[in-house]
Structures are given as structure tokens and as C-alpha cells.
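Structural overview
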Amino acid sequence: MTTLEDKTYAVAHPELVNWINEVAALCTPDHIRWCDGSKEEYDELCEALVTKGTFIKLNPKKRPNSYACFSDPSDVARVEDRTYICCKRKEDAGPTNNWVEPKQMTQTLHPLLSGCMKGRTMYVIPFSMGPVGSDISQIGIEITDSEYVVVNMHIMTRVGKRVIDALGADGEFVKCLHTVGAPLQPGQQDAKWPTNATTKYIVHFPEDRSIISYGSGYGGNALLGKKCFALRIASVMAKEENWLAEHMLLLGVESPDGQKNYVAAAFPSACGKTNFAMLIPPQSFNGWKVTTVGDDIAWIKPGKDGKMYAINPEAGYFGVAPGTNQKTNPNAMATIAKNTIFTNVAITEDNDIWWEGMTKEPPKNLTDWRGQKWDASLGKPAAHPNARFTAPAYQCPSIDSDWENPEGVLVSAFIFGGRRSTTIPLVYQSSNWAYGVYLASTMGSETTAAAFGEVGKVRRDPFAMLPFCGYHMGDYFNHWLQFGRNLQAPPRVFGVNWFRKDAEGNFIWPGFSDNMRILKWIVQKIRGESNAVESPIGWMPTYDDIDWTGMDFTPEQFEAIMDIDREEWKAELLQHAELFERMYDKLPKEFIFMRELLLSSLWRSPAKWRLEPERF
Ligand code: GTP
Ligand code: SPV
Ligand code: MN
């Protein structure tokens, strides 16, 4: 081979070395470089990206050691229609995944990969999802020809030699191959954001524990430790090994008496996980504290004590930028004060960053995410709606003291929530585990800019995992049902909806720090310290069960955001039935009966069920 190999440590793993050699022979990079995860490596590659014009070094006085970049306009979000689960049997991928037979997909990819790294360096990134050495952690090796990916992986995962050491001579690892799919001819000048504008493939081979991603450099398409490994591949491992890999934030809640509970919450992409995970309680909540374990992914295992323990497999946040400000998420603002990479935000004239919602008035002379002088009168946002920051987790002021505990944290409740303008009340509790699994399985949400395609359309997004479950969704429901049955006392399950709107289209609920009021009721409910009444869809707090100190929210407003409208719910249940028909072969049979029970309890209730039924 003519490639020049650069490595500062020994690798004793023959399977790994063979794989690297095979990939190098196929992709024909000019150089191979094994990443060591050091600060020097990070700084050097950021510098190289600045020289290339990909990165803009931000004002060191305002944003120390931070960079911004603009992606190609064709490469701004996850591409769900280009994402594939390639297991041997179609029925194992199920009706919610794109499937192609593995051999056929390999044949499709082979010519694309052949010579795809010409003119580039092939980086080998050994990374750990979860603290290195923890029983819950897993190792991956990402091969990539993108420096942007290397520096982002430095922040998002634990990278370097210590991972190679943990792997030893025969440790298991997930093979993650990524290329931007843009080989360079001799003398050809590189694009600032190399990508393949016409061909993209995000491909998973769950049976081989391997991933091939071609043609995109953005986020979940390219940082393969995140969605591809920690969710799609890990969900398959989890099913086989009796654990859970979930699209969930993890937070701790401490009350003034020092009691602490951890909660895991699944909201779809760009529906408030980062905000909720970093919540600061309203001022009136003296002594209540929320701490952050993770903002996107949770790996959950049963402990010997029959309880559930969770870790955050990531080491950083790849968070939605627009809407983040000192009021909505001061902890995130502090987290991104330094050592942060910004993608597709706007840039101010003094080389700092800006996005819609950061301040009321946009600063003058902005450069927009397309790299052009922003003209507000055109009505287009200065930052892309899916603009993101990549920031180290340890910089978060609310980081939990146990966030790197290899044993994980004890989960005592699950919260599920979608983005719904109508129908779904602010909060309710499922009466038992099986109904909780039903609630999560039938969750709907309006689509967001986190995925390429139409925004604002309600779709079923079971467990916020629709784009991330690496196997048949019906099998996944059964796995969840069984998982809880095996536990002595499964966590309580709640549904929330921060996004209900009034007739004028305004959010009824102020959200953000006021979500603490709902979180407090939830935590006290699991401790047996708060009350609820029975509704047609589960347990609900009355107005008096919520702590309203320091907030004006009338009983009438509360009723409006908690009401259950029979006609709306009938339409909702029809959509449950539609989902069930799509996966009838593997649907848990109790779901059929639970749906019937819901329908009958709606029939027996007033057409508009309200919390104070004596009014009717
Ligand atoms: P991914 O990283 O894509 O998985 O998403 P995430 O769930 O972490 O998204 P994030 O927390 O960054 O959500 C951002 C979006 O949710 C922004 O549009 C916020 O304005 C909105 N959001 C978050 N919390 C609230 C809330 O309490 N109320 C309302 N109305 N909007 C919220
Ligand atoms: C999501 O879309 O849910 C994300 C962002 O967390 S990405 O990593 O790009 O998938
Ligand atoms: Mn996510």
C-alpha cells in the first residue's frame, strides 16, 4: 500500500488492524492517521480546518477556543429516507425502517467506497460510549475522512489510546466507517464543507455490528457514535442482552430535604430534551435542584437489586441552537461559553455567534448560515433551524456528580412527551407499566427541522425512537413490556405535552423553567407525596396538586390545557389503530385490549372531560 501511516501507540488487535487495512485498500486515502484523543490533536485539526476555510475562529475574548462553520446547504440534518437497517430478514427490520438485503447493500456501496478517500487523510478514531472500562460502556472505532468529524467526536465521546488499551487483543468493537463521499483529484481544491450532494447512505448492519455512512458530514449522519451506534446498533444489542438503549435525557431532582430521584425522559428530536435536562427551577422553588446526567441518549440496565440503572453514553452535547437563550436555558448558555463548535449558526460582526431567539433584536451586520450578509427583510432565518452546538458535558454548570459513575444512576420514572398543538394534556400518569408502554408506543409528535423533510406534521413516533430503533418496532414494544415485568418495581410512567396551543396558535404553557412545577408533582407522586384524580386516560393532578407559587396560571387555563376532548381522542385512537395495523404481526396483543379500554372509558366520560367534572 502507498499510504503513509501515522500512529503514536501500538495496536495489538489483529481483527482491528485487518479491518483498517481492508478499508484503506478500498477507500485509498493518501494518509492514515490513528487519533490519540489529545488536546494537541484537537487544536491541530481545528487549525487545519481554519486554514481550509471550514472553520471560522471565533473572537477569543467573547468565545474562547471556539469555532463556527457553515455546512453545505444540501447537508443540514439527518436524512431518514437515506437511512437503512440491513439485517438478513426484512421482517427483523420491521415496517418503520428502510431495509435492503445486506449483500445487495454491500454491492451498492462497494463502487461508491472504492477510491472515495482519494486525496484525503483517513482518520481512525477509537472511542468509548460511556466511561472507559464501565460494564455498561461499549467501544467503537470510527474511520472517517472528515477532520470536522474527528474534532466533534473528541467532544461527544471519549477518544484515544486508553480505548485501544481497554480493547486489548480481542475486545469487541462496533465498526463505524464514514466518508463524505468526495474524493479529490490531484490538484483539485477541496470544498469548505465536502459532501456528496446527490448520494447519501446511512447504513446499519446490526448482525455484523457495523455501520457505513456515505456522503454526509452532518451530525447524526456522520458522528457515528451517536444515533447510528448508541441507538440503532445498541438497541439491537440491548434486545439480545436484556437492556435498553433509548433516545432519552437523564436528570436528577433533589428536594429541599435532600431526597434525590433520577428521571429519564423521551421527547422526539428538537422537542426539548436539552432544555429539560438542564432546567433551573423557578426562583420560588427554594432548595429544589435539577442536575444533568445526559441530554439525548440513555443506556439502561437492570441491577442485581431488580431496579433500573442508567448511564449517558455520550461525553458532550450536540444541541439545537435556535431558541436557546439566557431565559430558556441559562445552563446551556454557560456550557457553550468556550471550547465549543457551532454549526450553521449566524456570525456577528465581532466574530461571535447568534441565532433566532438568542436575543429579541438581531445584532446588526450578521453573516447568515449560508455565509452571506443577512438581509432580515427576506424573511429567512439567519441561523438554520437545525443549527447546533457541540460542547463538552463537563462544562455544564448543572452536571450531576454521578454523571460518569460506571454503575449508572437509579431511574425511578419515565416521562414521554411529543410536540402536540392539540389533544394531549400537559401531564398524566399511566396506571401501570403495561399502559405506560402503550402510552409511549402510541406517542405522536409534530415533525421538526432535526430531520430533512416536511416540518409540523403529526406522525407516530413511538418512544421518540421512530428514526432510531434498529429492529422491528413491534419486537421493541414486546421487549419493553417484558423488561418491566422482570423488575420487582418498574419505574412509574408519565406523559407530558409542553406544546399545546390556544385557538390563536400561541403556546398555552410557558414551559422551560416552569416545567419544574410538573416535574415536582411527578417526583412527589413517585414518592407518594402528591395526589391525583382518575381521568379517562390515567391519573392527573388537579389544580391544587400543582405548586403555583410565583406564577399566574388560572384554574381555567389549567383546565384548558388538561382537558380531554372525546372527538379529538377518537381521532387519536384511530391513529393508534393505524400504527397497530402496520405492525400487526408483532404487536403485543394487550395493546388491542388497552386501546378498546381507552375507547370505552372515553365513551363513559363527558364529551369534554375536565378536571372538575361536577361542572358538567
Ligand atoms: P435532539 O437533540 O434533536 O434530540 O433534541 P432535543 O430534544 O434535545 O431538543 P432541544 O431541547 O434542543 O429542543 C429545542 C426546541 O424545543 C426549541 O425549539 C425550543 O424552543 C423547544 N422547547 C424546549 N423546551 C420547551 C418548552 O418547555 N416549551 C416550548 N414551547 N418549547 C420548548
Ligand atoms: C436528533 O436529531 O435527535 C439529534 C441530532 O439528537 S443528530 O445527532 O443530528 O441526530
Ligand atoms: Mn436526539
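Keep in mind that this is a model prediction, so the values were computed, not measured.

So, how was this worked out
Residues numbered from 1 in each chain as written. Chains lettered and ligands numbered in written order. Predicted model: local features only at pLDDT ≥ 70, side-chain atom pairs only at ≥ 80, totals over all residues. Heavy atoms only, no water. Helix = DSSP H or I, 4+ residues; strand = E, 2+ residues; numbered from the N terminus. Expected span 1.5 Å × (residues − 1). Buried < 20%, exposed > 50% of the residue type's maximum accessible area, 1.4 Å probe, protein only. Phe/Tyr/Trp six-rings, centres within 6.5 Å; stacked < 30°, edge-to-face > 60°. Donors = N, O, S within 2.8 Å, 3.2 Å for Na, K, Ca; no water. Tetrahedral: all angles 85-135°; square planar, octahedral: opposite > 155°, others 65-115°. Near = heavy atom within 4 Å. Polar contact = N/O pair within 3.5 Å; in protein donor to acceptor, adjacent residues only side chain to side chain. Areas by Shrake-Rupley, 256 points an atom, 1.4 Å probe, with all protein chains shown as cover. 1 Å grid on protein atoms, 1.4 Å probe; cavity = no way out; pocket = protein on both sides within 12 Å on 5 of 7 lines; lining within 4 Å. Sits in = over half its atoms within 2 Å of the grid points. Pairing = 2+ DSSP bridges. Contact = heavy atoms within 4.5 Å. Axes fitted to C-alpha atoms, helices over the stretch in contact; angles between N-to-C directions. Parallel < 35°, antiparallel > 145°, perpendicular 65-115°, else oblique. Left-handed = near helix turned anticlockwise from the far one by under 90°. Nonpolar A, V, L, I, M, F, W, Y, C, P; charged D, E, K, R; others polar. Patch = residues over 30% accessible without salt bridge, like charges linked within 9 Å, V, L, I, M, F, W, Y side chains within 5 Å. Salt bridge = Lys/Arg side-chain N within 4 Å of Asp/Glu carboxyl O.

Attention shifts here to helix α12 (residues 473-485). An α-helical turn contains 3.6 residues, so a residue and the one three or four places further along point in the same direction. Between its first and last C-alpha, α12 extends 19 Å over 13 residues, near the 18 Å set by a 1.5 Å rise per residue. Most of α12 sits out of view: 10 of its 13 residues are buried. Taken together, the buried positions of α12 are occupied by M473, G474, D475, Y476, F477, H479, W480, L481, F483 and G484.

We now examine the packing of aromatic side chains. Describing an aromatic ring pair means giving the distance of the ring centres and the angle of the ring planes. Per the counting criterion, the structure on display carries 40 aromatic pairs. For the pair F267 and W498, a centre-to-centre distance of 6.3 Å together with 85 degrees between the ring planes defines the contact as edge-to-face. One end of the pair, F267, is in the loop between β14 (260-266) and α9 (273-277); the other, W498, is in the loop between β27 (492-496) and α13 (515-526), and 231 residues separate them in sequence. Like W498, F267 is buried. Between W509 and F553, the ring centres sit 5.3 Å apart and the planes meet at 90 degrees, which makes this aromatic pair edge-to-face. Placement of the pair is W509 in the loop between β27 and α13 and F553 in the loop between β29 (538-540) and α14 (555-562), with a sequence separation of 44 residues. Since its relative accessible area comes to 4%, F553 is described here as buried.

With that settled, the discussion passes to the coordination of the manganese ion (ligand 3). In this structure, K227 (NZ), H247 (NE2) and D296 (OD) serve as the protein donors to the manganese ion (ligand 3), at separations of 2.2 to 2.3 Å. Considering all six donor atoms around the manganese ion (ligand 3), angles at the metal cover 74 to 173 degrees and the coordination shape is octahedral. Site description for the manganese ion (ligand 3): donor spacing in sequence, K-x19-H-x48-D. With H247 in the loop between β12 (244-246) and β13 (249-254) and D296 in the loop between β15 (289-294) and β16 (298-302), this residue pair connects regions lying 49 residues apart in the sequence.

What follows deals with the site of ligand 2. Around ligand 2, the surrounding shell consists of R78, G219, G220, K226, K227, H247, S269, D296, F318, R388, A450 and F468. Contact between ligand 2 and G220: an oxygen atom at 2.8 Å from a main-chain N or O atom of the residue. Burial of ligand 2 by the surrounding chains reaches 98%, relative to a free accessible area of 280 Å². Structurally, ligand 2 is housed in the largest pocket. For the shell around ligand 2, the elements supplying multiple residues, two or more each, are α7 (219-222) and α8 (225-241).

Moving on to the pairing of β14. Within β14, six of the seven residues are buried, which leaves the element mostly enclosed by the surrounding structure. Pairing of β13 with β14, which is carried by six bridges, proceeds in the antiparallel orientation. From the neighbouring strand, E254 faces β14, where its bridge partner is K260. Counting the residues between successive antiparallel strands, the hairpin from β13 to β14 contains five residues, one of them, G258, with a positive phi of roughly 90 degrees. In terms of strand pairing, β14 meets strand β23 (residues 409-417) through five bridges, oriented parallel. Paired with A265 across the strands is I415, a residue of β23.

Quick look at the pairing of strand β7 (residues 138-144) now. Of all seven residues that make up β7, seven are buried, and the element is covered over most of its length. Of the two faces of β7, the one carrying Q138, G140, E142 and T144 and the one carrying I139, I141 and I143 are both buried. Strand direction decides the pairing type here: β7 and strand β9 (residues 174-179), joined by four bridges, are parallel. Bridging across to β9, I143 finds its partner in L177.

In this fold, K520 is placed in helix α13. Within the structure, K520 has its side chain in polar contact with the side chain of D547 (distance 2.7 Å). When neighbours within four sequence positions are excluded, K520 is seen to be in contact with F285, W288 and D547.

Packing of helix α11 (residues 433-441) against α12 brings their axes to within 10 Å, and their N-to-C directions diverge by 155 degrees. Here α11 lies roughly antiparallel to α12, going by the angle between them. Pair α11 / α12 crosses with right-handed handedness. Across from W433, A434, V437 and S441 in α11, the residues of α12 making contact are F477, W480, L481, G484 and R485. Classifying every residue of the contact of α11 with α12 gives six nonpolar, two polar and one charged.

Further remarks concern the environment of K200. As for its placement among the helices and strands, K200 is situated in the loop between β9 and β10 (201-205). It is 28 Å that separates the C-alpha atoms of K200 and A298, two residues lying 98 residues apart in sequence. Here K200 is in contact with S74, D75, V79, R82, T195, Y214, G215 and S216, once residues within four sequence places are set aside. Polar contacts involving the side chain of K200 include one to the side chain of T195, which spans 3.5 Å. A distance of 2.8 Å separates a polar side-chain atom of K200 from the backbone oxygen of N196.

Attention now moves to a nonpolar patch on the surface. A contiguous nonpolar surface patch, about 340 Å² in accessible area, is contributed by Y584, I592 and F593. Its place among the elements puts F593 in helix α16 (residues 589-604).

All right, on to the site of ligand 1 then. As a structural note, the neighbourhood of ligand 1 is formed by 20 residues, with A270, K273, T274, R388 and F512 the closest of them. A distance of 3.4 Å is found between an oxygen atom of ligand 1 and a backbone nitrogen or oxygen belonging to C271. At a separation of 2.7 Å, an oxygen atom of ligand 1 approaches a polar backbone atom of K273. Contact with the protein chains removes 90% of the 670 Å² of surface that ligand 1 exposes when unbound. A majority-of-atoms criterion places ligand 1 in the largest pocket. With three residues, α9 is the largest single contributor of residues to the shell around ligand 1. A class-by-class count of the residues in the shell around ligand 1 yields nine nonpolar, seven polar and four charged.

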